[in-house]
Amino acid sequence: MSLHFAYRRYTVPFRIPVRTAHGLWTHREGVLVKLTDAKGRSGIGEAAPIPWFGTETADEIESACRSIGDSVQKHTALPVRLGCLTHAWKSALRALATEPTTSRHAYLPVVALLPAGRAALERIKGLAEAGFRTFKWKVGVGDPSDERALLDDLLAALPNGAKLRLDANGAWVRREAERWLAYCADRPIEFVEQPVSPDAPAVEDSLLGLAGDFPTRIALDESVATLAQLERWLAAGWPGVFVIKPSLIGDVDLAFEKLAKAKSPVVVSSAMETAIGAYAALRLALAFPGELLALGFGVYPLFVDNRLDGPAVAPFVRREDLERFDPEAVWNVLS
Ligand code: MG
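Residues numbered from 1 in each chain as written. Predicted model: local features only at pLDDT ≥ 70, side-chain atom pairs only at ≥ 80, totals over all residues. Heavy atoms only, no water.

(A) Main features of the sheet that holds strand β7 (residues 134-138). Strand order in the open sheet formed by seven strands is β6-β7-β8-β9-β10-β11-β12, and the pairing between neighbours is parallel. Every other strand in the sheet has two partners, leaving β6 (112-114) and β12 (266-268) as the edge strands with one partner each. On average, adjacent strands in this sheet sit at an angle of 25° to one another, irrespective of strand direction. The pairing of β6 with β7 spans three bridges and is parallel. Within the sheet, the bridge partner assigned to alanine 112 lies in β7 and is phenylalanine 135. (Pairing = 2+ DSSP bridges. Helix = DSSP H or I, 4+ residues; strand = E, 2+ residues; numbered from the N terminus. Axes fitted to C-alpha atoms, helices over the stretch in contact; angles between N-to-C directions.)

(B) Geometry of the environment of glutamate 56. Tracing the sequence through the fold places glutamate 56 in the loop between β3 (42-47) and α1 (58-68). Relative accessible area serves as the criterion here: at 1%, glutamate 56 is assigned to the buried category. Spatially, the C-alpha atom of glutamate 56 lies 41 Å from that of aspartate 152, the residues being 96 residues apart in sequence. Contacts of glutamate 56, omitting those with residues within four sequence positions, involve Pro49, Pro51, Ile61, Arg81, Leu82, Gly83, Cys84 and Leu85. (Buried < 20%, exposed > 50% of the residue type's maximum accessible area, 1.4 Å probe, protein only. Contact = heavy atoms within 4.5 Å.)

(C) Layout of unusual backbone geometry. For the peptide bond that leads from tyrosine 300 to proline 301, omega is 5°, which places it in the cis range. Along the chain, proline 301 turns up in the loop between α10 (275-286) and β13 (316-318). One non-glycine residue, asparagine 169, lies in positive phi territory at about 45°. Its location among the elements puts asparagine 169 in the loop between β8 (163-167) and α5 (174-184). Note on asparagine 169: relative accessible area 34%, which makes it partly exposed. Unlike most non-glycine residues, glutamine 194 shows phi in positive territory, near 40°.

(D) Molecular detail of the coordination of the magnesium ion. At this site the magnesium ion is bound by Asp167 (OD), Glu193 (OE) and Asp221 (OD), with donor distances of 2.1 to 2.3 Å. Within one chain, the residues donating to the magnesium ion are spaced in sequence as D-x25-E-x27-D. Of this pair, aspartate 167 sits in strand β8 while glutamate 193 sits in strand β9 (residues 189-193), and the two are 26 residues apart along the sequence. Since its relative accessible area comes to 3%, glutamate 193 is described here as buried. (Donors = N, O, S within 2.8 Å, 3.2 Å for Na, K, Ca; no water.)

(E) Structural view of the packing of helix α4 (residues 144-157) against α5. One can describe the packing of α4 onto α5 by two numbers: an axis separation of 11 Å at closest approach and a directional angle of 15°. Relative to α5, α4 is oriented roughly parallel. Where α4 crosses over α5, the handedness of that crossing is right-handed. Residues Pro144, Glu147, Arg148, Ala149, Leu151 and Asp152 of α4 touch α5, and the partners they reach there are Glu176, Arg179, Trp180, Tyr183 and Cys184. (Parallel < 35°, antiparallel > 145°, perpendicular 65-115°, else oblique. Left-handed = near helix turned anticlockwise from the far one by under 90°.)

(F) Region of the structure containing the pairing of β8. Counted residue by residue, β8 has four buried out of five residues, so it is predominantly covered. Relative to β8, β7 is paired through five bridges, and the arrangement is parallel. Bridge pairing in β8 places threonine 134 opposite lysine 163. A crossover links β7 with its parallel partner β8, the connecting element being α4, and its sense is right-handed. Relative to β9, β8 runs parallel, the two sharing three bridges. The partner of aspartate 167 across the bridge, within β9, is glutamate 193. (Right-handed = clockwise from strand over helix to strand, strands pointing away.)

(G) Local environment of the nonpolar core. Residues Phe135, Trp137, Leu164 and Leu166 are the most contacted members of the largest nonpolar core, which totals 109 residues. Broken down by element, the residue count for this core peaks at nine residues, all from α10. Residues contacting leucine 166, with those up to four places away along its chain left out, are Trp137, Val139, Leu151, Trp180, Cys184, Ile189, Phe191, Val192 and Glu193. Core analysis: the next-biggest nonpolar cluster, separate from the first, contains six residues, Ala219, Val241, Val243 and Leu293 among them. (Core = buried A, V, L, I, M, F, W, Y, C linked by side-chain atoms within 4.5 Å.)

(H) Representation of the packing of α5 against helix α6 (residues 203-213) in the model. Running from amino to carboxyl end, α5 crosses α6 at an angle of 20°, the nearest separation of the two axes being 11 Å. It follows from the interaxial angle that α5 and α6 lie roughly parallel. Judged by the twist between their axes, the crossing of α5 over α6 is right-handed. Contacts from Arg174, Ala177, Glu178 and Leu181 in α5 reach Asp205, Ser206, Gly209, Leu210 and Asp213 in α6.

(I) Structural context of the environment of glycine 209. Position of glycine 209 relative to the elements: it lies in helix α6. The exposure class assigned to glycine 209 is buried, which follows from its relative accessible area of 18%. Considered as a pair, glycine 209 and aspartate 326 are 117 residues apart in the sequence and their alpha carbons are 46 Å apart.

(J) Region of the structure containing the sheet that holds strand β2 (residues 23-36). Spatially, four strands are ordered β3-β2-β1-β4 in an open sheet, and the strand pairing comes out antiparallel. Each of the sheet's edge strands pairs with one partner strand only, and the pair in question is β3 and β4 (71-73). Ignoring strand direction, the axes of neighbouring strands in this sheet form an average angle of 45°. Pairing of β2 with β3 involves six bridges; the strand directions are antiparallel. Bridge pairing in β3 links lysine 34 to isoleucine 44. Strands in contact with α1 are β1 (2-20), β2, β3 and β4; relative to β1, the strand with the most contacts, it is inclined by about 170°. Together, β1, β2, β3 and β4 form the strand contacts of helix α2 (residues 83-96), whose direction differs from that of β3 by roughly 160°.

Encoded structure:
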């Protein structure tokens, strides 16, 4: 059966530029793909690459789309390197499928993001009252001993039974990561995310060494943006958590199958995509067959044009919220 194929390249400004290790990120670039069947039903998917995470670029996606033509087969072979486009294509096909994806969860908790430094303390009360029970604090920003002293104040301010995860975004050298993990050892920390940079020397030995030497779990985020990277860490027997951004990983079904088989705990996380990619990622998260920790999706509102935003920050994402989303509306905004 042949399908009609269309695509839209987009460049949209963030409300607030995102600080990254590669400078300020001001505009989200990507490509929407749309597949329409003979009955006029459409499925839309989003390719939202982040090239400095090792994905393809929006230019590469656009030129692949240009060469596809407007009449395609369901199983059109896409270049393996174009993981984000592969994900967009599969998302569009999944949306077209008459059989819905099985949901294993009716709802999933979302992590509340705390700002770096002392400002985090002032946010906890309001977020706890709103119903959040998992919190993430950005570390590796200020002086490490000040941050560690502040950690105890944060832990004391959390509601009973709450979880706190720390995200270093690769900011520490190994020696600093060791000091932190020693400090966390007798404190209730859910996990420490990306303690050292994926570009650090001998990073695999460092991370495996840290995971073996300290009791607090470690999560890989920047280290596992693509499927090839994930496969390398699974083969190395990574004992900790994996932060998975469905928009970047490529073949999400395959990634999830491997993660469930390895019994690895997973955080499904945003790649700062528009609502189309966000809802596709959340639907996949609801179907994940293994251990899921609170979602990394507390990022919206993200765009100057709020019609492009994924679900507003809330303590939970519910299945019925996902069913109400209309991807056609976002396609029209970007057309
Ligand atoms: Mg992270």
